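Residue strings, one per chain:
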Amino acid sequence: MDTKHLGFNSKLVHAGAHRDPYGSAVVPIYQTSTFAFENAQNGADRFAGLADGFIYTRLGNPTTHALEQAIAELENGYAGIATSSGMGAVSAIYMALLSAGSHIVGTASVYGPSRGLIEKHLSRFGVEFTYVDTSDTENVRKSMRPTTRMVYVETPSNPAMLVTDLKEVADIAHRHGAVLVVDNTFASPYLQRPIDLGADVVFHSVTKFINGHADVVGGIIVTKTAELDRTIRPLMINLGCNMDPHQAFLVHRGVKTLSIRIERAQANAMRIAVWLEAHPKVAWVRYVGLRSHPQHELARRQMSGPGAMISFELKGGFDAGRMLMDNVRLATLAVSLGGVETLVEHPASMTHAGMSHADRLEGGITDGLVRYSVGIEDAEDLIADLAQAMERIPDRTSSHS
Ligand SMILES: Cc1ncc(COP(=O)(O)O)c(C=O)c1O
């Protein structure tokens, strides 16, 4: 079905649907590693790209292809490339678009492994890097070099919740002959469509909001142009980080409810953020929906809603953060985000514990910072859960790490 003319919610339900010989209402799981050719000529033609049809699941599969088509349409891009994980998507993008001597300018407070892959691994192959606070676009402008091939932005960023002006950084990147790559995991295409704002490549950890049910790890890349698709897809295929058809089926099922899940979770998030901001044990709250967020106005311009991710700082610092973790009952104490269930974590002692204290602070990860991914439960229950956990934190807690 051609869904390009439909509204976003109709696309969520119908994009990527294919005509099944048995009339299956949803795209079935084509759980096969390989596809039979009709005859020798047909096999040769499929390899030569002269005949339609799949060849081998690492190269493409109908279930995975349906998801790729759906997300490409939702992001207003040319094509989707589904990967085994969000990091699979990051790896394929870096390896396809960077070479020895290439320079990348990136958001300092990105998801750690996407920065670590450059700093610890691709640097061994001659890739150079500069990580800056991209929420101040002047930092990006000043970091550009003649060898800069990529500007890599995560917005809102994890867990500092910094927002970067995508139109401005796209402009800077393009004036220097670089591509703009955007990690759109926190916002999802429901709230933010970076290609419309100038990005060349967008990707997601679909593990998060797109799948939305905390039962799949996966990733997807969407390119703006056919040329970028022709550059990245073969690299992904040869890297072998393709998505499995069963994974793709589950993710595609999650896609259909993306907007209603996010609407409900962000309504909860707004109530919780307001409640937290008034709580005496909370130093500050970072939620792009609050007027107190330094880039509230920018977020309103480039996102259609504030989303469901909140970070907040406990006055009691490191120990208070750990105490909150031990006392929440309804929120699940776990990393990851974007699921129907509320997840809470303490970056300084968990996801970002491997960083030095100074590096953490530079990335906005203070000792008492709590990352709260709001789910679709009842807001009253989530607030009651936080309230009872806060009560158990003594008024005076140390703030060492
Ligand atoms: C913003 C962001 N980007 C990328 C990733 C990596 O995704 P995955 O865990 O699916 O490999 C994550 C994972 O937490 C993330 O939060």
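No experiment lies behind these values; they were computed from the predicted model shown.

I'd like to hear about the site of the ligand, residue by residue, with values.
Around the ligand lies a shell of 13 residues, among which Met87, Asp183, Ser205, Thr207 and Lys208 are the nearest. One nitrogen or oxygen atom from the side chain of asparagine 158 is found 3.2 Å from an oxygen atom belonging to the ligand. Within the side chain of threonine 207, an N or O atom sits 2.7 Å from an oxygen atom of the ligand. Its free accessible area being 390 Å², the ligand has 91% of it covered by the protein chains.

Any details on the sheet that holds strand 3 (residues 128–132)? Residues and values, ideally.
Strand order in the open sheet formed by 7 strands is 1-7-6-5-4-2-3, and the pairing between neighbours is mixed. The open sheet is flanked by strand 1 (79–83) and strand 3, the only strands paired with a single partner. The mean angle between the axes of side-by-side strands here comes to 20°, regardless of whether they run parallel or antiparallel. As judged from the 5 bridges shared by strand 6 (residues 201–205) and strand 7 (residues 219–223), these two strands associate in the antiparallel manner.

Can you tell me about helix 2 (residues 40–48), naming the residues and giving the values?
Since the α-helix packs 3.6 residues into each turn, any two residues three or four apart lie on the same face. Among all positions in helix 2, only Asn42, Gly43 and Arg46 are buried. Mapping the buried residues of helix 2 onto a view down its axis gives an arc of 105°, with all of them on the same face. Facing away from the buried side of helix 2 by more than 90 degrees, the exposed set consists of Ala40, Gln41, Phe47 and Ala48. Its side-chain oxygen at 3.2 Å from the backbone nitrogen of glutamine 41, asparagine 39 defines the N-terminal cap of helix 2.

Provide a residue-level description of helix 15 (residues 379–391), including the pertinent values.
With 13 residues, helix 15 extends 18 Å between its outermost C-alpha atoms, agreeing within 8% with the 18 Å of an ideal straight helix rising 1.5 Å per residue. The secondary structure elements touched by the buried residues of helix 15 are helix 11 (258–277), strand 8 (282–286), strand 9 (309–314), helix 13 (317–327) and strand 12 (369–373).

Mind laying out the pattern of salt bridges, listing which residues take part and the relevant values?
For the structure on display, the rule yields 12 salt bridges. Between arginine 301 and aspartate 165 there is a salt bridge, with its nearest N and O atoms 4.0 Å apart. Of this pair, arginine 301 sits in helix 12 (residues 296–302) while aspartate 165 sits in the loop between strand 4 (148–154) and helix 7 (166–175), placing them 136 residues apart in sequence. For arginine 301, a relative accessible area of 60% gives the class exposed. Residue class for aspartate 165 comes out buried when judged on its relative accessible area of 15%. For arginine 193, the salt bridge goes to aspartate 196, with nearest N and O atoms at 3.9 Å. The exposure class of arginine 193 is partly exposed, given its relative accessible area of 28%.

So what about the sheet that holds strand 11 (residues 343–345)? Which residues, and what values?
If you trace the 5 strands from one edge of the open sheet to the other, you get 8-9-12-11-10, paired in mixed fashion. The open sheet has two edge strands, strand 8 and strand 10 (332–333), and neither has a second partner. Sheet analysis places strand 10 next to strand 11, joined by 2 bridges and oriented parallel. Note that in strand 11 the partner of threonine 332 across the bridge is leucine 343. Here helix 11 sits on the sheet and contacts strand 8, strand 9 and strand 12; the angle it forms with strand 9, its principal contact strand, is near 10°. Docked against the sheet, helix 13 engages strand 9, strand 10, strand 11 and strand 12, running at close to 130° with respect to strand 9.

Account for the nonpolar core, naming residues and giving values.
Core analysis: the biggest nonpolar cluster contains 78 residues, and Leu180, Ile310, Phe312, Leu324 and Tyr372 have the highest contact counts within it. Top element by residues in this core is helix 11. It accounts for 7 residues. Not counting the four nearest positions on each side in its chain, leucine 324 is found in contact with Phe312, Leu314, Val370, Leu386, Ala389, Met390 and Ile393. Core analysis: the next-biggest nonpolar cluster, separate from the first, contains 29 residues, Ile81, Val90, Ile118 and Ile232 among them.

The rules we used
- Residues numbered from 1 in each chain as written.
- Predicted model: local features only at pLDDT ≥ 70, side-chain atom pairs only at ≥ 80, totals over all residues.
- Heavy atoms only, no water.
- Near = heavy atom within 4 Å.
- Polar contact = N/O pair within 3.5 Å; in protein donor to acceptor, adjacent residues only side chain to side chain.
- Areas by Shrake-Rupley, 256 points an atom, 1.4 Å probe, with all protein chains shown as cover.
- Pairing = 2+ DSSP bridges.
- Helix = DSSP H or I, 4+ residues; strand = E, 2+ residues; numbered from the N terminus.
- Axes fitted to C-alpha atoms, helices over the stretch in contact; angles between N-to-C directions.
- Buried < 20%, exposed > 50% of the residue type's maximum accessible area, 1.4 Å probe, protein only.
- Arc of directions from axis to C-beta.
- Expected span 1.5 Å × (residues − 1).
- Contact = heavy atoms within 4.5 Å.
- Salt bridge = Lys/Arg side-chain N within 4 Å of Asp/Glu carboxyl O.
- Core = buried A, V, L, I, M, F, W, Y, C linked by side-chain atoms within 4.5 Å.

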